[in-house]
Amino acid sequence: MDENLKSELRKQGIVATTLQELYNWGRKNSLWPLNFGLACCAIEMIAASMARYDMARFGAEVFRPSPRQADLMIVAGTVTKKMAPQVVRLYNQMAEPKYVISMGACAISGGPFKQGYNVLKGIDRYIPVDVYIPGCPPRPEALIDALMTLQKMIDRQPLTGPDRPRHLQADAPSEFIVPEFGAHDLDPSQNPEVWQAPLVNISLAGTDDAGND
Amino acid sequence: MTLETIESEIEANVPGCVLEIVSNPSPSGQHSLRIDPAHAVAIATFLRDAEPLRLDYCSNVTGVDWPGKEISEKVKIKKLVDGVEQEVEEVRKTQTLGHLEVVYHLYSMEKKHGPVILRMSTEDRADRVHLPSLTPVWRSAEFQEREIFDLYGVIFDGHPDLRRILMWDGFQDHPMRRDYVEPDDFEYEPTPHDEVLERARQHRTIMGVQ
């Protein structure tokens, strides 16, 4: 339908829409986050939900303490290897449609603890992430920006065709492997269906030519 | 009270104990007292209860890993070379076992003095890693001794609840030891160097790329 005609009708008090628009409008404006935090990023998440930044303006004020009632998982903070199975299990217990925001350097890649032995090097090794927010920790504005980015992403999704959201594809996975505690590391150390380590080219490293071309 | 007086006080009151003052050459000059594990609980109880020390607060317990190292020394030996007795210099190499060390920092809340630093060493780093727990003397040592058990592998006899505290129960390594090898789950930067370059090369070989 023509956009100009639509806004003209709107002025006359007639709302014209499509089922897809209505469906996506409902999805994007009722993103209920799961009420859990892992480290200092959680403090910024709490600040974003309180009166000063007021995430409620975007329909995301109802922090749910149960994964069964939540739509959005905000991974706010350092995911230690000891905590990773529980995070993945919480994600598996959420009902579709579900989304993930990876908040802060630690949740993205391990951050300052990347070279350590006890921190998971990014939650995207086990679950699919929709929006990444860099920062250590990101400010509440950044979290609101991530939420708005997610809303725009939801708004663009068609309900039919190959680009339709995951919960409308019958054969798309909704649950992912929960890693187990191994003798030296988590087992498996990553879910290859979700994430694979990029293999960087190191052929020039260590020679005099490194960095000169 | 100087460490020397504390040492002689302990020697007078705990019969049979072996003490050694480990001096610290740095400007802070925090010298410490190495105690023998067999008398550790008796020494600790004495330090906590006896006037005028009354060290009633154990603020910090930490571990140190001393890996074994190769010591080479030159020895002069008389040998028959071509039928003539000559003095030949030989390099003899010995391998030390290394040990694990636990350090306790003690203060007195009552007398407002401290710290007094105690050290204890295990016999080696492999299986003779038992030390007496000082948790029955200072309750604040409980979680820190668990942490040392987790990260260094020192087994504290007499600890009320010796379990891993940071890593999971099925974990087998001790990450704070110098010879710990961490799992190969790192994405390497395009220009690694030195040790990281070596590890990146190994990683690529494992992945089947040269």
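See the structure shown above.
Nothing here was measured: the structure is a model prediction, and the numbers come from that model. (Residues numbered from 1 in each chain as written. Chains lettered and ligands numbered in written order. Predicted model: local features only at pLDDT ≥ 70, side-chain atom pairs only at ≥ 80, totals over all residues. Heavy atoms only, no water.)

Visitor: Sorry, what's going on with a nonpolar patch on the surface here?
Guide: All names here are of chain A. A cluster of nonpolar side chains, L19, L22 and W25, forms an exposed patch at the surface whose accessible area comes to about 380 Å². When you line up the elements, W25 lands in helix α2 (residues 19-28). A relative accessible area of 54% means that W25 is categorised as exposed. (Patch = residues over 30% accessible without salt bridge, like charges linked within 9 Å, V, L, I, M, F, W, Y side chains within 5 Å. Areas by Shrake-Rupley, 256 points an atom, 1.4 Å probe, with all protein chains shown as cover. Salt bridge = Lys/Arg side-chain N within 4 Å of Asp/Glu carboxyl O. Helix = DSSP H or I, 4+ residues; strand = E, 2+ residues; numbered from the N terminus. Buried < 20%, exposed > 50% of the residue type's maximum accessible area, 1.4 Å probe, protein only.)

Visitor: Honestly, the pattern of salt bridges in this entry has me stumped. Any pointers?
Guide: Proximity of charged atoms lets side chains of opposite charge pair with each other. Residue and element names in this part refer to chain B. Within the structure shown, the criterion is met by 20 salt bridges over all chains. Between D49 and R48 there is a salt bridge, with its nearest N and O atoms 2.9 Å apart. Among the residues examined, D49 registers a relative accessible area of 38% and is labelled partly exposed. Classification of R48 by relative accessible area gives partly exposed; the value is 25%. Here D161 makes a salt bridge to R163, at a shortest N to O gap of 3.0 Å. Each of the salt bridges in this network shares a partner with another, and the network as a whole consists of E20, R34, E101 and R119.

Visitor: Before we go on, may I ask you to explain helix α1 (residues 3-13) of chain B in this structure?
Guide: An α-helix turns once every 3.6 residues. As a result, residues three or four positions apart point the same way. Within α1 of chain B, the full set of buried residues consists of L3, I6, E7 and I10 of chain B. Taken end-on, α1 of chain B shows its buried residues confined to a sector of 100°, consistent with a single buried face. (Arc of directions from axis to C-beta.)

Visitor: Teacher, can you tell me more about the interface of chain B and chain A here?
Guide: You'll often see interface size given as the accessible area lost when the parts meet. Listed as interface residues are 28 residues of chain B and, on the opposing side, 24 residues of chain A. When chain B packs against chain A, close to 2,400 Å² is buried across both sides, 62% of that on carbon and sulfur atoms. When the buried area of chain B at its contact with chain A is split by residue, W168, D185 and E187 of chain B rank highest and sum to 31% of it. Between the two partners, chain B and chain A, sit 0 salt bridges. For the pair chain B and chain A, the interface holds 4 residue pairs in polar contact (both at pLDDT 80 or more). The element contributing the most residues to the side of chain B that touches chain A is helix α4 (residues 194-207) of chain B, with 6 residues. Its residues assigned to classes, the side of chain B that touches chain A shows 17 nonpolar, 4 polar and 7 charged. (Contact = heavy atoms within 4.5 Å. Buried area = accessible area lost by both parts, 1.4 Å probe. Polar contact = N/O pair within 3.5 Å; in protein donor to acceptor, adjacent residues only side chain to side chain. Nonpolar A, V, L, I, M, F, W, Y, C, P; charged D, E, K, R; others polar.)

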